[in-house]
Amino acid sequence: MEATVSSVLLSLALATLLTCAWKAVNWVWLRPRQLERCLRDQGFKGNPYRFLYGDYKEFASAIKEARSKPPMESNDNDIVPRVIPFHQYFVNLHGTNYFAWLGPKPRLNIMDPKLIKEILSNIDVFRKPAMNPLGKLLLTGVVVHEGEKWATSRSLINPAFHLEKLKLMVPAMNSSCCEMISKWEVLVSTKGSCELDVWPDLCNLTADVISRTAFGSDYDEGKQIFQLQKELTDTVMPHLRSIYIPGWRFLPTKANRRMKKLYNEVGALVRNIVDKRQRTTNGEEGDNNLLGILLKSSLETTDQEQGHKNIKLTVDDIIEECRLFYLAGQETTSALLVWTMVLLSNHQKWQALAREEVLEVFGDSEPYFDGLHQLKTVTMILNEVMRLYSPAALFVRNIHKNTKLGGFVLPAGTEIMVPIIAIQHDPEAWGEDSKYFKPERFSEGIAKATDGQGTFFPFGGGRRICIGANYALVEAKIALAMILKRFYFELSPSYVHSPSLLLTVQPQHGAHLILQKIF
C-alpha cells in the first residue's frame, strides 16, 4: 500500500515537473518562434528571435548611446532619435513595419492613423499590458483596471474631471501657483533677474496642485504621499528596463524589500485619509476634490454604460486610483510646462503674444475658469508643445486573443507599440516644417491642423483617452498665465538641451532659464 502511494505521489510530481518544463519551453522558445513566423508571413520585419532576451541588448545600447550624446542645439526639436532611440534604430534597420523582441514577446510598431484609431477604440481586445516585473507593486500607476472593474473605475473618476468640478478646483490651483511665483519673486527681487533651474520647481508645483485638488483639507498628508510615491517610482524604473524573470519579485532582494515597504507606506497613508474622510465627510468640501468625489460616487454609482448595477469601488480600489492620479497627473503636467517655457524662451515673439493675451483676459486678477477658454493663443502654444514634446512618447497595448487589425490578423501574445512622438513629428502628416515650432498650425483647431487624420493624440484617443486631459490643460493654462504676468524668461547660457525619456519626456540636465521680473 505504501509503495502504491509513493508511486502515485512520484507520478504526480513527475507529471507536474514535465508540465512546468513544457510550459517553460513553450514560453521561451516554441511560442515566440510561432509568433515570429506569423508576423513575417504578413510582411513585418524584425530581428530573429533570440532565446529569452530577444532585442534587450539593442534596446539598452540605443538608450545608453542616446543619453551619452552631446547636447542638441537649443532650437533643435528633432528629438525622436534621443527620446525613443530604439524606435529609430529599428526603423533604420527594418522600416516602419517592424517588430522587436522584449524577451519572448514581440512588440509590433504601428504608425498608420487608421489602425491607431481602431486600437484606441477597441479596448476589449487591445488592452494596456500589466507590467510583469513587479506585479501588484506597479499598481502605482502603470497597471490599469480591466474588464468590469476597469469600466466601473472610469465611470467613478469621470465626475472628478467634469468641467463643473474642475471649476471648483481652480482656487486650489491658483494657491499652489502663487506659492511658486512668490518664491521666484524673492529670488529676482535683488537684481531684477536671476538664473534658475525651473524644472524642480515645476515638478513641486504639479505635485502641490495634485495634493490640494486630490485631498483638500488633507493636503499636507498628500504631499507626504507624493514624496514616497516619487521614491517608489525611481526605485521601480530600473526594473522596467530589465528582462522579466517569473517569480523574481518574490525574492527578498534589497530593491524588492524597499519597493514593498514604500508601496505599503503609501497605501497606509492613503487608507488613513480615506478612513478619516469616510467618518467625517458630510459637507460640500469633500465633493470638491478627487477623494471626496470618488467616495461619494462609489456610494451612489450604478454602471449604466456596462449594464452592471451596484458595482462599487472598494477602499483598495480608491487607494490605487489615488496612486495613479499622482503618477500620471504630476509627471505629464510638469513636463508640458517645462517644455512650454523652454520653447517660449526660444521664441520670444510667441511669448510676447501669449503675455499680451493673458493680460487682456485677466488683467490684474488671478486666472478664473471662464477666462481660460478665451486664451486662444495660449491654447495654440500648448498644442504645439504637446505635438513636439508630447509628455507620453509612446503607448503600448497587448493583444490577448487572435484579432484582425486592418488587413492583418495578429496573434494573441503580441504587443503593439504606437510611437506618439514619432507620428507627431512625421513630415508626411505635418509637412516639411514638422520639426519647427509653429503654433499657428493650430489656429483653426486640432481637426484642421491634422486634416482629420488623427495624427495628434498626446492624451490618447477614443475610449482610451486620458480622463485627466482637461485637468492637465486647466492647470497648465493657470500656471503659464501667472508666470507670463510676472516674468519675462529666456534660456540661460548654461541651459543644456537634452530631452530624455523616463516616464515622460523630461530635460535630462534641467531647464536653466533667466527670469526677469515684470515691474
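Note that the structure is a prediction, hence the values are computed from the model and not measured.

Undergrad: Mind showing me how you'd approach the layout of surface pockets here?
TA: Rolled over the atoms, a probe with the dimensions of a water molecule shows which regions are left empty. By volume, the second largest pocket amounts to about 820 Å³. Contributing to the lining of the second largest pocket are 40 residues, with I446, F456, F459, G460 and I465 lying nearest its centre. Residue assignment for the lining of the second largest pocket shows that the elements contributing at least two residues are α5 (113–121), α7 (163–188), α14 (369–372), α15 (376–388), α18 (446–450) and α19 (469–486). Top element by residues in the lining of the second largest pocket is α5. It accounts for 6 residues. Considered class by class, the residues forming the lining of the second largest pocket number 22 nonpolar, 13 polar and 5 charged.

Undergrad: Help me out: how do you make sense of the packing of α7 against helix α8 (residues 198–215) in this one?
TA: Two quantities define a packed helix pair, namely the angle between the axes and the distance from one axis to the other. In contact at an axis separation of 9 Å, α7 and α8 are set at 150° when each is read in the N-to-C sense. Our classification of the angle between α7 and α8 gives roughly antiparallel. Here α7 and α8 pass one another in a crossing that is right-handed. Within the contact between the two elements, α7 uses M169, A172, M173, S175, S176, C177, E179, M180, K183 and W184 and α8 uses V198, D201, L202, L205, D208, V209, R212 and T213. Taken together, the residues of the contact of α7 with α8 sort by class into 10 nonpolar, 3 polar and 5 charged.

Undergrad: What's the story with the pairing of strand β12 (residues 512–517) in this structure? I'm lost.
TA: Looking at chain direction, strand β4 (residues 193–197) and β12 are connected through 5 bridges and run antiparallel. Among the inter-strand pairings, D197 is bridged to a residue of β12, identified as H512. Examined bridge by bridge, strand β9 (residues 487–491) and β12 share 5 bridges and lie antiparallel to one another. Paired with F487 across the bridge in β12 is K517.

Undergrad: How should I be thinking about the packing of aromatic side chains in this particular structure?
TA: What characterises a pair of aromatic rings is the spacing of the ring centres plus the angle enclosed by the ring planes. Within the structure shown, the criterion is met by 15 aromatic pairs. Each ring, one from F442 and one from F456, has its centre 5.1 Å from the other, and the planes form 55°; the classification is tilted. Of this pair, F442 sits in the loop between α17 (427–430) and α18 while F456 sits in the loop between α18 and α19; the two residues are 14 residues apart in sequence, bridging distant segments of the chain. Each of the two residues, F442 as well as F456, counts as buried. Through pairs of rings, three or more aromatic residues link up here, namely F59, F86, Y89, F90 and Y98.

Undergrad: What is the right way to look at unusual backbone geometry in this model?
TA: Note: most residues except glycine have negative phi, and most peptide bonds are trans. Positive phi, close to 65°, is recorded for L52, a residue that is not glycine. Secondary-structure assignment places L52 in the loop between α1 (2–41) and α2 (56–67).

Undergrad: Can you help me understand the packing of helix α13 (residues 348–362) against α19 in this one?
TA: One can describe the packing of α13 onto α19 by two numbers: an axis separation of 9 Å at closest approach and a directional angle of 100°. Overall, the two elements α13 and α19 adopt an arrangement that is roughly perpendicular. Note on element contacts: α19 touches α13 through A481, L484 and K485, opposite Q351, A354, R355, V358, L359 and F362. Grouping the constituent residues of the contact of α13 with α19 by class yields 6 nonpolar, 1 polar and 2 charged.

Undergrad: Just to check I follow, could you spell out the side chain of H425 for this structure?
TA: With respect to the element layout, H425 can be found in the loop between α16 (420–423) and α17. A polar contact is formed between the side chain of H425 and the backbone oxygen of L388, at a distance of 2.7 Å. When residues no more than four places from it in sequence are discounted, the contact partners of H425 are N77, I79, V80, R387, L388, W430, S434 and K435.

Undergrad: I keep staring at the pattern of salt bridges and nothing clicks. Help me out?
TA: Oppositely charged side chains are able to pair whenever their charged atoms sit close together. Per the counting criterion, the structure on display carries 14 salt bridges. Of the charged contacts in the structure, one is a salt bridge between E265 and K261, with a shortest N-O distance of 2.4 Å. On the criterion of helical spacing, the pair formed by E265 and K261 is a turn pair, its members being 4 residues apart in helix α10 (residues 254–280). Among the ionic contacts, a cluster of salt bridges with common partners joins E384, R387, D433, K438 and R441.

Undergrad: What's the story with the side chain of E475 in this structure? I'm lost.
TA: Its location among the elements puts E475 in helix α19. R212 provides the closest opposite charge to the buried, unpaired E475, separated from it by 10.0 Å. Ignoring sequence-local partners within four residues, the contact set of E475 consists of M173, T206, V209 and T333.

Undergrad: Would you take a moment to explain the pairing of strand β1 (residues 99–102) for this structure?
TA: Looking along a regular strand, one sees the side chains alternate between the two faces of the sheet. Residues F99 and W101 of β1 are buried on one face, and the alternating residues A100 and L102, pointing to the opposite face, are buried as well. Here β1 pairs with strand β2 (residues 105–109) via 4 bridges, running antiparallel. In the strand pairing of β2, A100 is matched with R107. Two successive antiparallel strands, β1 and β2, enclose a turn made up of 2 residues, where G103 displays a positive phi of approximately 75°.

Undergrad: How do you make sense of α5 when you look at a structure like this?
TA: Two residues of an α-helix separated by three or four positions point the same way, owing to the 3.6 residues in each turn. Burial in α5 covers these residues: L115, I116, I119 and L120. Looking straight down α5, one finds that the buried residues subtend no more than 135° of arc, so they occupy a single side. Away from the buried face of α5 by more than 90 degrees, exposed residues K114 and K117 are located. A distance of 2.9 Å separates the backbone nitrogen of K114 from a side-chain oxygen at the start of α5, and that oxygen is part of D112.

Undergrad: What exactly am I supposed to notice about the sheet that holds β4 here?
TA: An order of β4-β12-β9 is seen for the 3 strands of this open sheet, with the pairing classed as antiparallel. Pairing within the sheet leaves two strands with one partner each, and these edge strands are β4 and β9. Across the sheet, the mean angle separating the axes of adjacent strands is 30° when strand polarity is ignored. Together, β4, β9 and β12 form the strand contacts of α7, whose direction differs from that of β4 by roughly 130°. Helix-sheet contacts for α8 involve β4 and β12, and the interaxial angle to β4 is about 70°.

Undergrad: I tried to follow α2 on my own but got confused; where do I start?
TA: If you check α2, its first and last C-alpha atoms are 17 Å apart, about what 12 residues at 1.5 Å a residue would give, namely 16 Å. Within α2, burial applies to Y56, E58, F59, A62 and A66. In this fold, the buried residues of α2 make contact with α3 (80–83), α4 (85–94) and β1.

Thresholds, definitions, all that
Residues numbered from 1 in each chain as written. Predicted model: local features only at pLDDT ≥ 70, side-chain atom pairs only at ≥ 80, totals over all residues. Heavy atoms only, no water. 1 Å grid on protein atoms, 1.4 Å probe; cavity = no way out; pocket = protein on both sides within 12 Å on 5 of 7 lines; lining within 4 Å. Points joined across faces, edges and corners; volume = space filled by probe spheres on them. Helix = DSSP H or I, 4+ residues; strand = E, 2+ residues; numbered from the N terminus. Nonpolar A, V, L, I, M, F, W, Y, C, P; charged D, E, K, R; others polar. Axes fitted to C-alpha atoms, helices over the stretch in contact; angles between N-to-C directions. Parallel < 35°, antiparallel > 145°, perpendicular 65-115°, else oblique. Left-handed = near helix turned anticlockwise from the far one by under 90°. Contact = heavy atoms within 4.5 Å. Pairing = 2+ DSSP bridges. Phe/Tyr/Trp six-rings, centres within 6.5 Å; stacked < 30°, edge-to-face > 60°. Buried < 20%, exposed > 50% of the residue type's maximum accessible area, 1.4 Å probe, protein only. Polar contact = N/O pair within 3.5 Å; in protein donor to acceptor, adjacent residues only side chain to side chain. Salt bridge = Lys/Arg side-chain N within 4 Å of Asp/Glu carboxyl O. Lys, Arg positive; Asp, Glu negative; His and termini not counted. Arc of directions from axis to C-beta. Expected span 1.5 Å × (residues − 1).

None of this, on its own, says anything about what the molecule does.
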